[in-house]
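Chain residues, written in single-letter form:
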Amino acid sequence: EEQRTKIRMLLDLLHTLDSVRLQAKDKSGLGKMIDRLVALSSSFVVHKEWTSEKRSPVGLSSERALLLLALVHSQMDSASFQKIRERVSFSGADLRNADLHGVDLSRIDLRYSNLENANMEGTRLDYADLRGAKLTGVNFNRASLVETILISTDLRGSKMNEAKMNSAKLDSADLSNVTLHKAILHSATFIHTQMCNAILNEADVTNGFLFGTNICNANFSKTLLNRATFTNVRVAGAHLDEAIIDKDWLDQLKEKNPEAVQELSAKYRMVTDSITIKDSMIFRLSPRVE
C-alpha cells in the first residue's frame, strides 16, 4: 500500500512536470519538483525474485520500471528528463518485454535490471551503466551504446545489428548467439567474454581488445580487425573469411596466441589488395583452397 501511494504521488508529479506553463515560467518550481521526484524514487523497494537459472534470488523493482515508462511517455522536455536520468537510479528495474525503441536514455543507471525481450531498436544508451543486466533477446538494432558499460551482462540471442558501440565495455559478458552485423565496435573491450556462435560479419572491431575471449564458431567474415588485439583467444571453428587485418597481425597473434595462429594459418592465408586511388594496401585473410 505504501508503494502504491508513492506511485500515485510520482504520477501526480509527472503530470505537473508535463505542464507547459510550469516548464516555461517557473524554473525554480521545476527544480523543486524534480527534487521531490528523486527523493520519492529512491525509496522504492527492490523485491527479491527467485530464478531457476541462477538458483538464487534476484532483486527487481516493478516500481522503478513503471516510473521509467511513465517518464518516457510523458510530455516532459528533454532537459528535465536528462536531469532526472542523471539523478535517479533505475537499478534492478523489471522491464521485461518493454518497448523503449528510439528513446534517449543516455547516462541512465540500469544496473542489474531485467530487459529480457525488450525493444530497444534505435535507442540511445551512450555512457549508460547496464552492468549485470539481463538483456537476452533484446532488439538493439541501430541503437547507440557509445562507451556503455555492459560488463557481466547476459546478451544471449540479442540483436545488435548496425549498433554504434564505440569503446563499449563488454568484459565478462555473454554474447553467445548475438548478431552484430555491421556493428561499430571501435576500441570496445572483450575481456573474458563469451562470443560462441556470435555473428559479427562486416562489423568494425578496429582497435578492439580481446583477452581470454571465446569466439568458438563465431562469424567474423569481412570484419575490420585493424589494430585489434587477440590475446589468449579461443578460436576453434571461428570464421574469419576475408577479414581485414594489419600486415603484422598474424605475427603479433603468434606471440600472444600461438595456438590460435596455428589453427588460423591452416585455414587462411594473408593476401594483399592494392588501392590505386588511395595509394595504400589492404591485407585480408583468404580461405585456403583445398
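Above this text sits the structure in question.
These figures come from a predicted structure and were not determined experimentally.

Asker: Can you walk me through the sheet that holds strand β4 (residues 209-211) in this structure?
Answerer: Consider a sheet: its strands pair through backbone hydrogen bonds, and that pairing is either parallel or antiparallel. In spatial order, the strands read β3-β4-β5; together these three strands make up an open sheet with parallel pairing. Each edge of the sheet is formed by a strand with only one pairing partner; in this case those strands are β3 (189-191) and β5 (229-231). Each strand axis lies, on average, 5 degrees off the axis of its neighbour in the sheet, ignoring direction. Bridge count for β3 against β4 is three bridges, and the pairing is parallel. When the bridges of β4 are listed, Ile-191 appears paired with Phe-211.

Asker: Help me understand helix α7 (residues 258-267), please; the structure alone is not making it clear to me.
Answerer: Counting along an α-helix, one turn takes 3.6 residues, and residues three or four places apart therefore face a common direction. By the burial criterion, the buried members of α7 are Ala-260, Val-261 and Leu-264. Along α7, the residues classed as buried sweep out an arc of 95 degrees about the axis, all on the same side. Residues of α7 that are exposed and angled more than 90 degrees away from the buried face: Glu-259, Gln-262 and Ala-266.

Asker: Can you help me understand the packing of helix α6 (residues 249-256) against α7 in this one?
Answerer: When two helices pack together, their arrangement is given by the angle between their axes and by how far apart the axes lie. The contact between α6 and α7 brings their axes to 6 Å, and the two run at 135 degrees. Overall, the two elements α6 and α7 adopt an arrangement that is oblique. Along its contact with α6, which presents Trp-249, Leu-250, Leu-253, Lys-254, Glu-255 and Lys-256, the element α7 presents Pro-258, Val-261 and Leu-264. Taken together, the residues that form the contact of α6 with α7 break down as six nonpolar, no polar and three charged.

What counts, and where the lines are drawn
- Residues numbered from 1 in each chain as written.
- Predicted model: local features only at pLDDT ≥ 70, side-chain atom pairs only at ≥ 80, totals over all residues.
- Heavy atoms only, no water.
- Pairing = 2+ DSSP bridges.
- Helix = DSSP H or I, 4+ residues; strand = E, 2+ residues; numbered from the N terminus.
- Axes fitted to C-alpha atoms, helices over the stretch in contact; angles between N-to-C directions.
- Buried < 20%, exposed > 50% of the residue type's maximum accessible area, 1.4 Å probe, protein only.
- Arc of directions from axis to C-beta.
- Parallel < 35°, antiparallel > 145°, perpendicular 65-115°, else oblique.
- Contact = heavy atoms within 4.5 Å.
- Nonpolar A, V, L, I, M, F, W, Y, C, P; charged D, E, K, R; others polar.

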